[in-house]
Amino acid sequence: MNILVINCGSSSLKFQLIDSGSEQCVAKGLCERIGIDGSQIVYTPAGGEKEIHVTPMPDHTEAIRLVLEALTNDRTGVVKSLKEIGAVGHRVVHGGEKFARSVVIDDEVLEAIEACNDLAPLHNPANLIGINACRKLMPGTPMVAVFDTAFHQTMPREAYMYGLPVEYYEKYRIRRYGFHGTSHSYVSKRAAEVLGVPCESLKTIVCHLGNGASVSAVKNGKCVDTSMGLTPLEGLIMGTRSGDIDPAILEFLAHKENRSIDEIMGILNKKSGVLGLSNNLSSDFRDLEDGYHRGDAYAVCAMKTFAYRVAKYIGAYTAAMNGVDLICFTAGVGENSPLVRTMVCEYLGYLGIALDQEANEKRGQDILISTPDSRTRVMVIPTNEELAIARETVGLV
Ligand code: AMP
């Protein structure tokens, strides 16, 4: 069965068509600048050439119509008609406490997702627009919602509660939710599969280090803690997000710089992280690594501070699980930066970790990068959120 996986943002839409039998991607692409001048669709059929069409996309319905057209037309198509698309899997960022697993979408589910909009005002409304556009163009095709938060719903209360008056949890459901759940789930399961051991027998720490970054503690296959919180701002230092800071900094900065809370939030989300620490050199680790090797003091500081924070979370989650068997690195930085992995693992001598430097230099494969005598194993597992969404979708339809 072909599964169309949709990841819809406010002005962009990523898609992949996956054959669930072979688990191979049949075609993929991206619509950009939806509702803005200069919108374009980038489309790549498997084994074919990438095509870019600049064409007006006033809304997401038009974007999805163009995606379906590209997938089915005589020239670039990979299926003869929409009948060959068995189901659609939608990435939904926030499922609140309502959704601990993926669900088949109906009117009631749509309402429940809408009720979570408050918790993810930048993401959930866009996800809903994508779902509604698909339902309009593909009536009768089953749709599944796969939530970024769902995998983390197994966290115990002591891991998800904040030290705030409990009435704010009871009234507004302010608590830790965590994100990147599809990736943490996929990587922890895939690592166990590669090692040939049941994931129920492992204490695993997954470091999803991309532009957004989070760590999770997965004990016996279930998430017991994760670094992102009510929103994706908490936890690690990220590309442009601050991660954990003293909350009193908000008030201090607002007074000193004469700024509103919204402006300070903008700084914490868009101008902080390694971008801010590197004195605006870059949020991209390729540029930061160049700066690090040149000896640029800001780039060195950004990379060291980033790695130190990751190592601190690994220490915390080792305590949360009373030990750790396996540490996995994934996402853009985690998969591609041997330097970052080395810098993090340098803090982990107490776990008996020894890296196999030759394996650590390899890219693009599931690989054990610790030596055979390393007491705790370390792996790189390239994440595949689209495949994970396609699997969830097949499982439900
Ligand atoms: P993601 O959010 O998972 O797509 O990760 C994107 C980030 O991965 C980029 O902003 C870079 O910081 C990082 N990245 C991608 N390729 C490399 C590379 N070859 N070396 C270091 N970092 C990389």
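Heads up: these notes are all about the structure in this document. Keep in mind that this is a model prediction, so the values were computed, not measured.

What counts as what
Residues numbered from 1 in each chain as written. Predicted model: local features only at pLDDT ≥ 70, side-chain atom pairs only at ≥ 80, totals over all residues. Heavy atoms only, no water. Helix = DSSP H or I, 4+ residues; strand = E, 2+ residues; numbered from the N terminus. Rg over C-alpha atoms; globule rule 2.2 N^0.38 Å. Buried < 20%, exposed > 50% of the residue type's maximum accessible area, 1.4 Å probe, protein only. Contact = heavy atoms within 4.5 Å. Areas by Shrake-Rupley, 256 points an atom, 1.4 Å probe, with all protein chains shown as cover. Lys, Arg positive; Asp, Glu negative; His and termini not counted. Charge placed at Lys NZ, Arg CZ, Asp CG, Glu CD. Polar contact = N/O pair within 3.5 Å; in protein donor to acceptor, adjacent residues only side chain to side chain. Pairing = 2+ DSSP bridges.

1. Describing the overall build of the protein
Right, so step 1: Within the protein one finds 15 helices and 14 strands.
Right, so step 2: A compact globule built from 397 residues should have a C-alpha radius of gyration of about 21 Å, and the protein, at 21 Å, falls within 12% of that.
Right, so step 3: Dimensions of the protein, computed from the C-alpha atoms along their principal axes, are close to 60 × 55 × 45 Å.
Right, so step 4: Here the protein holds 397 residues, and 50% of them are scored as buried.
Right, so step 5: Within the protein, contacts between residues at least 6 apart in sequence are counted, and of these 60% link residues at least 24 apart.
Right, so step 6: Surface exposure of the protein reaches about 18,300 Å², of which carbon and sulfur atoms provide 50%.
Right, so step 7: Of the charged side chains in the protein, 39 are positive and 48 negative; the average position of the first set lies 2 Å away from that of the second.

2. Considering the environment of Val144
Right, so step 1: For Val144, the location among the structural elements is in strand S8 (residues 143-147).
Right, so step 2: Classification of Val144 by relative accessible area gives buried; the value is 0%.
Right, so step 3: Sequence separation of Val144 and Tyr160 is 16 residues, and the distance between their C-alpha atoms is 26 Å.
Right, so step 4: In this view, Val144 contacts Val88, Gly89, His90, Ser102, Val103, Val104, Ile105, Thr393, Leu396 and Val397; residues no more than four positions away in its chain are not counted.

3. Details of unusual backbone geometry
Right, so step 1: For Arg173, which is not a glycine, the phi torsion comes out positive at approximately 60°.
Right, so step 2: Within the element layout of this structure, Arg173 appears in the loop between helix H5 (166-172) and helix H6 (181-195).
Right, so step 3: Even without being glycine, Asn322 reaches a positive phi, approximately 55°.
Right, so step 4: Along the chain, Asn322 falls in the loop between helix H11 (297-320) and strand S12 (326-330).

4. Some remarks on helix H13 (residues 338-345)
Right, so step 1: Burial of H13 is extensive: 8 of the 8 residues sit out of reach of the surface.
Right, so step 2: Listed as buried for H13 are Pro338, Leu339, Val340, Arg341, Thr342, Met343, Val344 and Cys345.

5. Let's talk about the side chain of His94
Right, so step 1: Position of His94 among the secondary structure elements: in the loop between strand S6 (85-92) and strand S7 (103-104).
Right, so step 2: A distance of 3.0 Å separates a polar atom in the side chain of His94 from the backbone nitrogen of Gly96.
Right, so step 3: Among residues more than four places away in sequence, those in contact with His94 are Cys116, Leu119, Ala120, Asn124, Phe147, Thr149, Tyr177, Phe179 and Leu230.

6. Some thoughts on the sheet that holds strand S1 (residues 2-8)
Right, so step 1: Ordered by their spatial adjacency, 8 strands build an open sheet running S5-S4-S3-S2-S1-S6-S8-S7, and the pairing between neighbours is mixed. Two strands lie at the open edges of the sheet, namely strand S5 (51-54) and S7, each paired on one side alone.
Right, so step 2: With 5 bridges joining them, S1 and S6 adopt parallel strand pairing. Following the sheet pairing, Leu4 is matched in S6 by Val88.

7. Remarks on the environment of Val166
Right, so step 1: If you trace the backbone, Val166 turns up in helix H5.
Right, so step 2: Its relative accessible area of 40% is what places Val166 among the partly exposed residues.
Right, so step 3: In this structure the C-alpha to C-alpha distance between Val166 and Arg259, which are 93 residues apart in sequence, comes to 30 Å.

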